[in-house]
Each structure stands twice: as structure tokens, then as C-alpha cells.
Amino acid sequence: MRIGLIAMSGVRVRTPELAALGVTLPQFVNRGQVIASLPSLGLLTVAALTPPEDEVVYREIQEVNPNEPLEPFDLVGISSFTAQIDEAYGLADRYRAASVPVVLGGLHVSLVPDEAAGHADSIVVNGAEGAWSRLVDDARHGQLQPRYAGLRAGVFEAPAYVQPRFELLRGRPYNRLTVQTSRGCPLDCEFCAASLRITSAFQQKPVPLVVEEIRAAHAVTDQPFFEFADDNTFLNKKWGKEFLQAIAPLGLSWFTETDISVADDDELLDLLADSGCRQLLIGLESPSADDLTGVDPHNWKQRHSSRYLEAIDKIQSRGVTVNGCFVLGLDNHTPEIFGRVKEFVERSQLLEVQLTVLTPFPGTPLYDRLGREGRLLRPRYWDRCTLFDVNYRPRGMTVEQLEEGLRWLFGEIYNEREYTRRKRHYMEIVKRRL
Amino acid sequence: MSDRDVEQRLRAMLGEVSRQDLSRLGQDDDLVLELGLDSLAALRLLAAVEKRFDVRFPDEQLGDFRTLRRLRDFIRSAGKEGVA
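Residues numbered from 1 in each chain as written. Chains lettered and ligands numbered in written order. Predicted model: local features only at pLDDT ≥ 70, side-chain atom pairs only at ≥ 80, totals over all residues. Heavy atoms only, no water.

Novice: Requested: an account of the overall build of chain B, with residues and values cited.
Specialist: Regarding its fold elements, chain B presents 3 helices and 0 strands. Secondary structure of chain B in N-to-C order comes out as α-α-α. Relative to the globule expectation of 12 Å for 84 residues, the C-alpha radius of gyration of chain B, 12 Å, shows essentially globular dimensions. Once the C-alpha set of chain B is aligned to its principal axes, its extents read approximately 30 × 30 × 20 Å. In chain B, which comprises 84 residues, the proportion classed as buried is 43%. In chain B, of all internal contacts separated by at least 6 residues, the share reaching a separation of at least 24 is 59%. About 4,200 Å² of surface is accessible on chain B, with carbon and sulfur atoms providing 43% of the total. The average position of the 15 basic charges and that of the 17 acidic charges among the side chains of chain B differ by 4 Å. (Helix = DSSP H or I, 4+ residues; strand = E, 2+ residues; numbered from the N terminus. Rg over C-alpha atoms; globule rule 2.2 N^0.38 Å. Buried < 20%, exposed > 50% of the residue type's maximum accessible area, 1.4 Å probe, protein only. Contact = heavy atoms within 4.5 Å. Areas by Shrake-Rupley, 256 points an atom, 1.4 Å probe, with all protein chains shown as cover. Lys, Arg positive; Asp, Glu negative; His and termini not counted. Charge placed at Lys NZ, Arg CZ, Asp CG, Glu CD.)

Novice: Go over the confidence of the model for chain B, please, and point to the residues and values.
Specialist: Low-pLDDT stretches of the model should not have their predicted coordinates read in fine detail. When pLDDT is averaged along chain B, the result is 90, and 94% of the positions lie at 70 or above. This complex was scored by the predictor with a pTM of 0.91 and an ipTM of 0.94. (pLDDT = per-residue confidence, 0-100.)

Novice: Would you mind going over the interface of chain A and chain B in detail, with residue names and values included?
Specialist: The figure often quoted for interface size is the accessible area lost as the parts come together. On the chain B side, the residues contacting the 21 residues of chain A number 21 residues. On the surface where chain A and chain B come into contact, there are 4 salt bridges. Broken down by secondary-structure element, the contributors of at least two residues to the side of chain A that touches chain B are β12 (277–285) and α16 (416–433) of chain A. Of all the elements, α16 of chain A adds the most residues to the side of chain A that touches chain B, at 9 residues. (Salt bridge = Lys/Arg side-chain N within 4 Å of Asp/Glu carboxyl O.)

Novice: So what's going on with the sheet that holds strand β2 (residues 55–61) of chain A? Residues and values would help.
Specialist: In a beta sheet, neighbouring strands are held together by backbone hydrogen bonds and run either parallel or antiparallel to one another. All names here are of chain A. As summarised here, the arrangement of the 6 strands in space is β2-β1-β3-β4-β5-β6, forming an open sheet in which the pairing is parallel. Of all the strands in the sheet, just β2 and β6 (147–149) have a single pairing partner and so form its edges. When strand polarity is set aside, the average angle formed by the axes of neighbouring strands in this sheet is 20 degrees. Taken together, the 5 bridges between strand β1 (residues 2–8) and strand β3 (residues 75–79) define a ladder with parallel strand orientation. Across the sheet, the residue bridging to Ile-6 is Ile-78, located in β3. (Pairing = 2+ DSSP bridges. Axes fitted to C-alpha atoms, helices over the stretch in contact; angles between N-to-C directions.)

Novice: I'd like a rundown of the packing of aromatic side chains, residues and numbers included.
Specialist: Under the definition given, this model contains 15 aromatic pairs over all chains. Between Phe-410 of chain A and Tyr-414 of chain A, the aromatic rings sit 5.7 Å apart at their centres with planes inclined by 20 degrees, giving stacked as the arrangement. In this pair, the class of Phe-410 of chain A matches that of Tyr-414 of chain A, namely buried. Here Phe-57 of chain B and Phe-65 of chain B contribute two aromatic rings whose centre-to-centre distance is 4.5 Å and whose plane-to-plane angle is 50 degrees, an arrangement assigned as tilted. Pairwise contacts between aromatic rings join Phe-228, Phe-234, Trp-239, Phe-243 and Trp-254 of chain A into one cluster. When the ring centre of Phe-65 of chain B is taken as origin, the NZ or CZ atom of Arg-70 of chain B, which lies over that ring, is 4.9 Å away. (Phe/Tyr/Trp six-rings, centres within 6.5 Å; stacked < 30°, edge-to-face > 60°. Lys NZ or Arg CZ within 6 Å of the ring centre and 35° of its normal.)

Novice: Kindly report on the layout of surface pockets, identifying the contributing residues and their values.
Specialist: For the second largest pocket, the calculated volume is near 400 Å³. Forming the walls of the second largest pocket are 19 residues, and the residues nearest its centre are Arg-278, Val-430, Arg-433 and Leu-434 of chain A together with Arg-44 of chain B. Of all the secondary structure elements, the ones that give two or more residues to the lining of the second largest pocket are α10 (266–274), β12 and α16 of chain A together with α1 (3–18) and α2 (39–53) of chain B. A per-class count over the lining of the second largest pocket returns 9 nonpolar, 2 polar and 8 charged. (1 Å grid on protein atoms, 1.4 Å probe; cavity = no way out; pocket = protein on both sides within 12 Å on 5 of 7 lines; lining within 4 Å. Points joined across faces, edges and corners; volume = space filled by probe spheres on them. Nonpolar A, V, L, I, M, F, W, Y, C, P; charged D, E, K, R; others polar.)

Structural data, given as C-alpha cells:
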């Protein structure tokens, strides 16, 4: 069979005033654009799970053109972010109308399976491991089942583990390549719609497998910048040190997401710097403890927030920049939060800042709670799950105050003067370390 | 130090931060667009040049130094080509 694996990529802000800001502010929507231009590691894994007798064609589609003829396939698999799921459904409907069987999978499909099933011959929930090979075999025999459940555990162990087919990316321009070292995160933040929703527990890939994947990915491109596609890479400090020692000789420059506790371990921080870590994205969420009640079930972030400033300084003094993430519109936020975030960013000397609005992705505990409380603005708003558009009624301010505050803060944080100040600060750190 | 020497030193610094093959990079090639230098690597290069040549790029122009020729000319205009 000729199997088309299609990744929907690219996300657009819907609120016109915010979209307009994106044109004028140098760093606004930056991280979103980086994410949107990353290859789909999930579909490269699906490709690796496909029996060798079948041909796999990997495609990324930024914008669906309904007038363009469909590429001929015997079976189509589509994966999409929530924000683009309606376009994915539209494409799926067209393939099905042309009698090509369609499979939908990925995080959104796993979180809203019944909805997705209405646009597919079959859906895959959870990871593709443990499901895809069987699905392809069923499709070959015309016996495709409506739903397959992939594994929620043991995905990095034999016989489930496969190395993603990085060679499918050969010849394509990417700013970054992704390798996954773990799935899940025990912090379990209420709003998180990442891989923890498709895992039963935190899963960590053995270091030798990660190194093999890095080598395989490196072989298909000159671009040596890597992003580890994890929710929280350095949860396990012992694993982290083993990992960093293993990748230090590879000459990488890399980025990942983790939590603030990395700053508690000086040896780990030194290894981060020595192994080419250029940036850690850390979900700070809000500058002070009072705001963070209930963000995660154990109030882990609240308990650690008093050390944010010290921790950021420790990390950045190693030449490893911190991309501090703030979620605006938490239940304890009032309109004064915008000024407090600005002040924190200035005090902390964060070298990069990600400002997003609280977003109730379908299938998350946050979505369920806000739905129960009658605070969702629309019954269905998936195309507005951009992390910048407001989709709910905040508790401590109006929707308009949140939107206006966001725009004000974007202007304060992402303007050229502030960006230049952050760049100069980074250069001075680098110079001190030379 | 001749222009050629300065450029060779700049290439060595660029090699350190970019970890890429620079053999085909011309002195007017854009380091971001043509070499794919990411924003942090570009800043690390500028920091290294500042430290080793004892110069200081104007803050408001940090994004403008994107070719080897522009870097070399700035060092020469600052009269610091003999420092590194």
C-alpha cells in the first residue's frame, strides 16, 4: 500500500488585534512559529511502525487548499494540533469522499475521540505504538476497525519501541530537529494538553536509544540544532546527568522544556552548559505563589515559586538562557497581573519570555472544570486554541480586560528596546564565560 | 593584522558557535539566512568578537552584523584588528 502520513502544521492567531501585533513585535508568537515548523515526530514514529512492504509518504501541510487535487494514497493518516483540527477534518472528509480510508490520530484525537471518529474510518488514541502495525494489516485486508488504542506505557521498551524514521526528512529545510527523550510529566498541571494525557505514567527513554536517535537525525541534515520534544526532560536528575554526559561529545546545540528544579543541582547545570544546551523553556506560569494555587494538584509550582529569581539567575549564569513561560488569566489573576509580570521579567533578566493566555484545551481537567462552572465562551472553539485567543471567562477580570492586558504586556515585553536589552544581557554573560 | 587574518579568526569563532562546515561560506554570505545561524548563536558570536577584539557593537545594531565582511569592517573601523 502507498500510505500518506500528513501532519497539519502552522497555527494562526484569530483575534485580529493580536494578529496585527504579531507583525510589529519581534518576538511575539515566536515560540508558536517554532513549534509549528517542527517535523511531526509522531508521524515519523508511525512511519517506523509501518510494515516494510508498504510505501510511506510524509507530508506537512500548512494550509489546506480545497481546490488542489488530492495526492493519491491507499491509506491516509492525519495528525493535527487542536487549532488546525477542523482543517484536518476537512481534508479527511475529502479523502473519504474519494473512497480513500482515513485514520486520524494524535493528541487532539486522543482527547476528543468521539468527535474525531465522525471524520475518519478509524482513529488511534494514545501513542501509535501497539496499534499502528495491526491497523495497517487490517487495512490491507479491508478489515479496518473504527478505533485502535495504542500503548499508554512501555513505549520505549521492546517490542513496542521503534526509532522514528528521520530519513523521511532528508532534503527539507528545518530550523530544528526533534528527538523525544520522555513522555508525560507527573506535575500534571490542570491546563496541560501535552503527552501526559496519553501516558499512564512518566516514561523515560534509555540514554543509548536517545543517542542513537540523535545520530540518526543528525545524519539527514546539516542543521545541528535539536529540540527535545518532552514535557519535562530533567525530572530525573540521575538520568539527566547520564544523558548530558552522553551527548556532550556530539557537538550539539539544543533546547528543551523542563521545570525549575534543575537549578537545585549545580552538577546538572554545569553539564547542561557543557553539552550545548542553549535554552531551557520553563513553565513559571505566574510570578508569585498566591497566583499558583491549584495550577497542579500538589501545588508543586506554588511551593517552588519563591525561588524563581534565584533559580533563573543560576541557570542563566551558565550561559544557558531561560525561556520563562507565563500563563495569563489564571483564576487568581486580577488586572494587576500584567504589571507584575512585566516587573518580574525585568527583575529576573529572563532572556526570553513566552506569554500565553490560559487555554482550556478539550479533554483537559481545566476544560472540564470551566465547562462545569459555565465559563467557556463557546461550546466549540478549537481553531482558537492558539494560546493567544481568549476562550473562557476569567475569574478575576473580564474577557476584555484579559485581552487588553495581554496586548499591553506583549507591547511592553516584546518591543525592540526590551529585546535589545535582553540580547545585550546574554552577550555579557557569554563574555564572562569566555 | 591583515584583513585576511581577521577574517580567519572570525571564521574560527563562527565555527565554534555554529558547529558547521564553513568551507563554502563567502565573506558576504548572510550568517542567518545562508548559514542558518540561530539567534542565540549569532549573539554568542558577537560576544566572542567583542571579547577577543576588545570592541563593542552598538546595542541598537546588534542585528546588523550578519556577514563576515561587516564584522571585519567594524573591527577595522574600531582600530582593534591587532587585539585578538
